[in-house]
Amino acid sequence: MAFSSPVFQRWLTQIGADHVLEVMTDLFESGAVFIVDANSDILFWSKGAEQLFGLSAAGAVGKPCNTALNCDNGNDPCNLAQLGIVKAQAVRIRRPDGTALECYRTAKAFYDNAGNFAGAIEYLQPQNPEAGALPPAGESFHGILTRDPKMQEAIQIIRNVAATEATVLIRGESGTGKEMVAHALHLESPRHYQPFLAINCAALTPSLLESELFGHVKGAFTGAVRNHAGLFQRANGGTLFLDEIAELPLELQAKLLRVLQERNFIPVGGDRPVSVDVRIIAATHRSLREEAKAGRFREDLMYRLRVVPIFLPPLRERRQDIGLLLQHLINRHNLQGHRYVDRIAPEAMRLLLDYPWPGNVRELNNVVEYAYAVGRGGELGIADLPPEFREPVRSRLPPPVARLSRAQPADEAELIRQALQAGAGNLEQAAQYAGMSRATFWRKRKKHGL
Ligand SMILES: Nc1ncnc2c1ncn2[C@@H]1O[C@H](COP(=O)(O)OP(=O)(O)OP(=O)(O)O)[C@@H](O)[C@H]1O
């Protein structure tokens, strides 16, 4: 057999088995190869796996394979140990960006001399190679799709700072991908085995936020019937993402500063400090400098948080990403099988490119979802777009109308959309426009996916 040939063995030693494996697996352009050890932890992750699953080798190696792949059937390769070989088994994996991918899986187990399971080599192919394919490498980073130079600059900063412990502050409008970027940073960092937890500081009242962040002890307040571990405790060893950090009340800013400086905090109602090791990534749509100048944000905390600032441009300033994201979303929806879109009418594309996208990528997701819900046929046309795309003068906004209590649910979504447009990325102005508090506006926006 060729593999036992001494000539082959000598050649393999000369070239290096790992290099041969890498080159060999690169030949499988439309599939992913990976290798697991006896514990099913990933040892090797091919470029094809990075491409297909949208997860870098750095983020995958060392993880249990069912965690990295988020298999819906999640029972493998336990079965593989008994079966020895699996051919073209249909499986569904879930990428880090949440998209599902139907694959065919072929795998072969290895056993040691005692007959114990010693690992496996696996090959996964998308069931529909065209629809399942991710954009070319370089345009996707942990599910973040972009061709925009400023976004790519941001991604380069993430790659560079991931290995360090530097605190990162992400600035960008709502829906520009701040949480995705924070998650990518976590996945690239040595903390990727540990939890990544996120909270929006604008979404809760100050007392709830304090309890959610720092936890509380039994009896701290009416209703505190047991000890509650806060996010800092639960994220210990990992990363905590604090979205809309500018909305953090001043008294909690002092508590956060203490965690950053002394790595400990006192839970609500507690009397002794709890030590934690958590990397903080914060995000805001505001200028923290301006907030500090206005006395709403502690300057010392601002300096602690923005050691590495990252800016994400709004979608209207990166038009080339609109086409890329559209194609990706269409591929994803095509996979679900309700409708297969293979082209976008030029006039619909024009409208999509000219639209100001106040809700950024989140709004683009919704527009495509709308098109699949209401439209039919292979061409995505103007009639498949939500009403605001078909209004003759989109820039003319209606006056700040209707308090929400009087609005019907359908009007509510429309009001939020108009408010976002009116606020042009400033959530405070948008909330004012809608006649709501920031927290209510944030909740309603999430509810309607805007
Ligand atoms: N570059 C991108 N590529 C692919 N998907 C993206 C990109 N940017 C954002 N998204 C998607 O858009 C949605 C909003 O992204 P995300 O929650 O990260 O934004 P955000 O800036 O944190 O918003 P908010 O501040 O309102 O919470 C998510 O569904 C995310 O998957």
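In every chain, residue numbers begin from 1 and rise along the written sequence. Note on the predicted model: pLDDT of at least 70 is required for a residue's local features to be given, and 80 or more for side-chain atom pairs to be given and counted; whole-chain, interface and lining totals, by contrast, use all residues.

Thoughts on the overall build of the chain
For the chain, the helix and strand inventory stands at 20 helices and 16 strands. Within the span of the chain, comprising 450 residues, buried residues form 37% of the whole. Counting from the N terminus, the helices are the DSSP runs of H or I reaching at least four residues and the strands are the DSSP runs of E reaching at least two. Exposure classification rests on a simple neighbour count of other C-beta atoms within 10 Å of a residue's own: a residue reaching 20 or more is buried, one at 12 or fewer is exposed, and one in between is partly exposed. C-beta atoms are placed from the backbone.

Let's talk about the site of the ligand
Taken together, the neighbourhood of the ligand is formed by 18 residues, with Ser 174, Gly 177, Lys 178, Glu 179 and Val 361 sitting nearest. If you list the elements that add at least two residues to the shell around the ligand, you get β7 (144-145), α9 (178-188) and α17 (360-374). Tallied by class, residues from the shell around the ligand come to five nonpolar, eight polar and five charged. Boundaries between domains were set according to an automatic or database domain assignment. When residues are assigned to domains, the shell around the ligand turns out to be shared by domain 2 (140-311) and domain 3 (316-447), each giving three or more. Only the C-beta atom matters for nearness: placed from the backbone, it must lie within 6 Å of the molecule or strand for the residue to count as near. Only Asp, Glu, Lys and Arg are considered charged, only Ala, Val, Leu, Ile, Met, Phe, Trp, Tyr, Cys and Pro nonpolar, and every remaining residue, Gly among them, polar.

A few points about the nonpolar core
As a rule of thumb, nonpolar side chains are buried together in soluble globular proteins. By convention the nonpolar core is taken to be a set of buried residues drawn from Ala, Val, Leu, Ile, Met, Phe, Trp, Tyr and Cys and joined through C-beta atoms within 7 Å. Counting residues in hydrophobic clusters, the biggest one holds 76 residues, and the most contacted among them are Ile 170, Val 181, Phe 232 and Ala 434. A total of six residues in this core trace back to one element, the largest contributor, which is α9. Val 33, Val 36, Cys 65 and Phe 117 belong to the second largest nonpolar core, which has 24 residues in total.

Remarks on the packing of helix α8 (residues 149-162) against α9
Axis geometry follows a simple rule: fit a line to the C-alpha atoms, using only the stretch in contact for helices, then measure angles between N-to-C directions, giving values from 0 to 180 degrees. In contact at an axis separation of 8 Å, α8 and α9 are set at 35° when each is read in the N-to-C sense. Our pair here, α8 against α9, has a crossing hand that is right-handed. Across the interface between the two elements, Ala 154, Ile 158, Arg 159 and Ala 162 of α8 pack against Val 181, Ala 184, Leu 185 and Glu 188 of α9. The residue inventory of the contact of α8 with α9, partitioned by class, reads six nonpolar, no polar and two charged. Note: crossing handedness is left-handed where the near helix turns anticlockwise from the far helix by less than a right angle, and right-handed where it turns clockwise. With C-beta atoms placed from the backbone, a contact is any residue pair whose C-beta atoms sit within 7 Å.

Observations concerning the pairing of strand β1 (residues 32-36)
Burial analysis of β1 places four of its five residues in the buried class, the great majority of the element. When DSSP locates at least two bridges between a pair of strands, those strands are taken to pair. Pairing of β1 with strand β5 (residues 117-126), which is carried by five bridges, proceeds in the antiparallel orientation. Looking at the pairing, Phe 34 lines up with Glu 122 of β5. Pairing geometry for β1 and strand β2 (residues 42-45), over three bridges, is antiparallel. Each bridged residue has a counterpart across the sheet, and for Ile 35 the counterpart in β2 is Phe 44. Linkage of β1 to β2, two consecutive antiparallel strands, is achieved through a turn of five residues, within which Ser 40 is found at a positive phi near 70°.

Focus: helix α19 (residues 427-434)
Of all the positions in α19, only Leu 427, Ala 430, Ala 431, Tyr 433 and Ala 434 are classed as buried. Along the long axis of α19, the arc covered by the buried residues comes to 155°, so they all point the same way. The first or second residue beyond α19 is Gly 435, which carries a positive phi of 70°. The arc in question is the one spanned by the directions pointing from the helix axis to the C-beta atoms.

Focus: unusual backbone geometry
Notably, Glu 244 is not glycine yet its phi reads approximately 50°, a positive angle. In this fold, Glu 244 is placed in the loop between β10 (239-243) and α12 (250-262). Residue Glu 244 is classed as buried on the basis of its C-beta count, with 22 C-beta atoms lying within 10 Å. The phi dihedral of Trp 357 falls on the positive side, at around 45°, and the residue is not glycine. Tracing the chain through its elements places Trp 357 in the loop between α16 (346-354) and α17.

Remarks on the sheet that holds β1
Strand order in the open sheet formed by five strands is β2-β1-β5-β4-β3, with antiparallel pairing between adjacent strands. The open sheet has two edge strands, β2 and β3 (85-94), and neither has a second partner. Each strand of the sheet is rotated relative to its neighbour by a mean of 25°, with strand direction disregarded. Note that β3 and strand β4 (residues 100-111) share eight bridges and pair antiparallel. Within the sheet, the bridge partner assigned to Arg 94 lies in β4 and is Ala 100.

Examining the pairing of β4
Relative to β5, β4 runs antiparallel, the two being bridged by nine bridges. Opposite Lys 108, over in β5, you have Ile 121 as the bridge partner.

A look at the confidence of the model for the chain
Values of pLDDT, which run from 0 to 100, indicate the predictor's confidence residue by residue. Of all residues in the chain, 89% attain a pLDDT of 70 or more, and the chain-wide mean is 84. In the predicted structure, residues 393-409 sits below a pLDDT of 50 and forms 19 contacts with residues beyond four places in sequence or in another chain. In the predicted complex, the global pTM is 0.65; the interface-specific ipTM is 0.98.

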